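Listed below, chain by chain, are the residues.
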Amino acid sequence: MTEIGRLALIVAFAIATYSAVASVAGAHLNLPHLRMSARRGALAVFGLATIASIALLYAILSHDFQVSYVYEYSASDMSIPYLVSSFWAGNAGSLLLWAWMLSMFGAVVVYQTRKQNRELAPYVVAVVMIVLAFFLAMVVFVADPFHRMAGVPPEGYGLNPLLENPGMIFHPTTLYVGYVGFTIPFAFAVAALVTGRLNSQWITSTRRWTLFAWLFLGLGNLLGAQWAYVELGWGGYWAWDPIENASFMPWLVATAYLHSVMIQQRRGMLKVWNISLIGLTFVLVLFGTFLTRSGVLSSVHSFGESVLGSYFLAFIVVTIVAFVGLLIYRLPRLKSDNQLDSFVSRESTFLLNNLLLVGIAFAVFFGTVFPLISEWVRGVKITVGPPFFNQVTAPIFLALIVLMGICPLISWRRASRDNLIRNFLRPFVVTAVGTGVFLLAGIRDALVVVTFAMCLFAASTIVFEVVRGVRARHRTNSQNYAAALASLVWRNKPRYGGYIVHIGVILIAVGIVASSMYKVEATATLAPGESMHIGGYTLTYENMSYFPTESREVVTATMSVYDDSGRKVATMTPAKTFHQNYDQGVTEVAIRSTLWEDLYIILAGWESDVAAFSVYVNPLVVWMWIGGGVLLMGTVIAVWPDPRDKRRGLRPSSPATRVEQGGQDEA
């Protein structure tokens, strides 16, 4: 089976290379049969990549430990979900997963462009196949997932214990969907540059692809934060680790693109900026992959040192040179149709939003690569820690929250004085009252008060805008308010889906600020029957238990938790697990979550029956995960197909659609 998988990869690489060349040649020479051959080749590559993936999965599930990859990342006592997740636990398997996902997306694009985008389609297919050929070359020539050893080991080494968590199933796959998904908008942007068709057609064609990739990359980051929170045992969820930063930067730039592209569709402006943003997003995706697989920066998330880094670096350089060359060549055809009429307008707020997002991405990029720069200049790696990132990015994120409240209400082109008063008076009043409530509640930290106030401002602008729309529909159509709300959202899904996304972001921001600024922590060494106090809780250490199994040893401490009134509210069991193939124990955190706060207990160490504990009380953490769910819901609404578009014969974001919705957009 593994030989079939290897052969499938070799043939897939050959066909992907052929399809890239044939697609360009067919378009340039106007040979329809050659273009069709290239499209069929893309479908064949998907089939072959699927065969190779099934072959590796079969080797893992059948415990074929003669395959090096299977031996290194799986064991016979692992459960089925973790056996499946070992597919992407190492370099070779994760690259195969990437190639398979991209081949699947390429097949979807071939299907989508069978009757539309005929001018762009050949070059889109070519770009996808070029990127796919690179990844296939990596698994064929550099990181072979099907390499067989001379002997047959009796047992596999198994997953790193830190990876035996549900996060291993969801976080990498979600992140990869986002990473790989950005190849499609990039391919359309390159196709637009090659063909010179630089109107909004390529943007309209990739709107859902961009939102799809943006959503999964964002959720991947959030799932990674949740995994770190429950598994690493340090009381936090984001440490500005280089690999965390690597997945955060393209998400920031893609967020800027999703906002600024509205200006091009509405006013024909920022054409160079938009196409540059999508190119930068893709380059940052490749850069993040380079960091993960090169080992140039130490990270708990990386695969370690590998020769793959040099190949990825070369591919990044070639991509940048080719894209910038095309962009410069087409600059004369990328002139804006209109100019900025006023700084007090929706266009200017979107532009400022873009500058802030790109500014955060640049600051994160600089802090991430600074150890490399310092090593090149001084010969010593100087690591930039979380204080740098927090101090630089926090004010910018605060400004973004303010803009989140301003952008939906300010007028296009030029906002009048009456428009500003009508739209912002009530949100300002709500914000002022809310700030007073925060102060009366005992919140005195200036950063927290300002952040909560700005979150309240942004949320109130959205609420008032929705209420105004519901009332208008209630008066016009005589619908009850619930039906009016449903109809309003359904008939304007991109707009109100975006509002829901903003609410999700606000909830995440509240969770981050509260848990960062008001975290309470304490340590104690206790004998059975002794207690410690923290944040309104009394924790009594009851006993310690020891559970040996075939492949691991588990040490568990039992703690009874009481509230201020002396009522027992929980029994919590933090633990340490020791695996036979790993010397260092793995922390199993005990967490009690409520809407108000998390009680987070770590078993730090023990001697006989005496145990040491680290305990945290983290306020409002759960609202970060709730915010992620709200963000997911809003994005799904925003990208949901509208049957009216098919009846009109229009694409979802076409100019005619916007004209028909213009009255509501200006409401």
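Basis of the calculations
Residues numbered from 1 in each chain as written. Predicted model: local features only at pLDDT ≥ 70, side-chain atom pairs only at ≥ 80, totals over all residues. Heavy atoms only, no water. Patch = residues over 30% accessible without salt bridge, like charges linked within 9 Å, V, L, I, M, F, W, Y side chains within 5 Å. Areas by Shrake-Rupley, 256 points an atom, 1.4 Å probe, with all protein chains shown as cover. Salt bridge = Lys/Arg side-chain N within 4 Å of Asp/Glu carboxyl O. Helix = DSSP H or I, 4+ residues; strand = E, 2+ residues; numbered from the N terminus. Contact = heavy atoms within 4.5 Å. Buried < 20%, exposed > 50% of the residue type's maximum accessible area, 1.4 Å probe, protein only. Polar contact = N/O pair within 3.5 Å; in protein donor to acceptor, adjacent residues only side chain to side chain. Pairing = 2+ DSSP bridges. Axes fitted to C-alpha atoms, helices over the stretch in contact; angles between N-to-C directions.

### Things to note about a nonpolar patch on the surface
- A grouping of Met 1, Ile 4, Ile 51, Ile 54 and Tyr 58 is seen on the molecular surface, where their side chains present a nonpolar patch of about 490 Å² in accessible area.
- It is helix H2 (residues 32-61) that contributes the most residues to the nonpolar patch, 3 residues altogether.

### Let's talk about the environment of Val 110
- With respect to the helices and strands, Val 110 occurs in helix H5 (residues 91-112).
- Among all residues touching Val 110, those that are not within four sequence positions of it are Arg 39, Ala 42, Leu 43 and Val 125.

### Structural notes on the side chain of Ser 560
- Checked against the element boundaries, Ser 560 lands in strand S4 (residues 552-562).
- Look at Ser 560 and you get buried, because its relative accessible area is 3%.
- Within the local environment of Ser 560, its side chain forms a polar contact with the side chain of Glu 542, the two groups lying 2.8 Å apart.
- Excluding anything up to four places from it in sequence, Ser 560 contacts Thr 538, Leu 539, Thr 540, Glu 542, Lys 568 and Ala 570.

### Some words on the pattern of salt bridges
- In this structure the tally under the stated criterion is 6 salt bridges.
- One salt bridge in this structure joins Arg 6 and Glu 3, with 2.9 Å as the shortest N-O distance. Note that Arg 6 and Glu 3 are positioned in helix H1 (residues 2-28) at a spacing of 3 residues, about one turn of the helix.
- For Arg 6, a relative accessible area of 21% corresponds to the partly exposed category.
- Using a relative accessible area of 49% as the deciding quantity, one classes Glu 3 as partly exposed.
- Among the salt bridges present, the one from Arg 495 reaches Glu 465, with a minimum N-O distance of 2.5 Å. Of this pair, Arg 495 sits in helix H18 (residues 493-517) while Glu 465 sits in helix H16 (residues 446-477), placing them 30 residues apart in sequence.
- Assessed through its relative accessible area of 3%, Glu 465 is described here as buried.
- Because the salt bridges share partners, they merge into one network encompassing Glu 3, Arg 6 and Asp 144.

### Re unusual backbone geometry
- Phi angles above zero are rare outside glycine, and His 63 is one such case at about 60 degrees.
- Checked against the element boundaries, His 63 lands in the loop between H2 and helix H3 (68-73).
- In this structure, Trp 240 takes a positive phi of about 55 degrees despite not being glycine.
- If you trace the backbone, Trp 240 turns up in the loop between helix H9 (201-231) and helix H10 (242-267).
- Exposure remark for Trp 240: the relative accessible area of 10% places this residue in the buried category.

### Quick word on the environment of Tyr 481
- When you line up the elements, Tyr 481 lands in helix H17 (residues 481-491).
- Sequence separation of Tyr 481 and Val 321 is 160 residues, and the distance between their C-alpha atoms is 55 Å.
- Setting aside residues up to four positions removed in sequence, Tyr 481 forms contacts with Val 470, Arg 471 and His 474.

### A short note on the sheet that holds strand S8 (residues 590-593)
- With antiparallel pairing, the 4 strands of this open sheet are ordered in space as S1-S10-S9-S8. Edge positions in the sheet fall to strand S1 (520-526) and S8, since each has one partner strand and no second. Direction aside, the axes of adjacent strands within the sheet are offset by 15 degrees on average.
- Summarising the sheet, S8 and strand S9 (residues 597-607) pair through 4 bridges and their orientation is antiparallel. Within S9, the position partnered with Ala 590 by the bridge is Ile 601.

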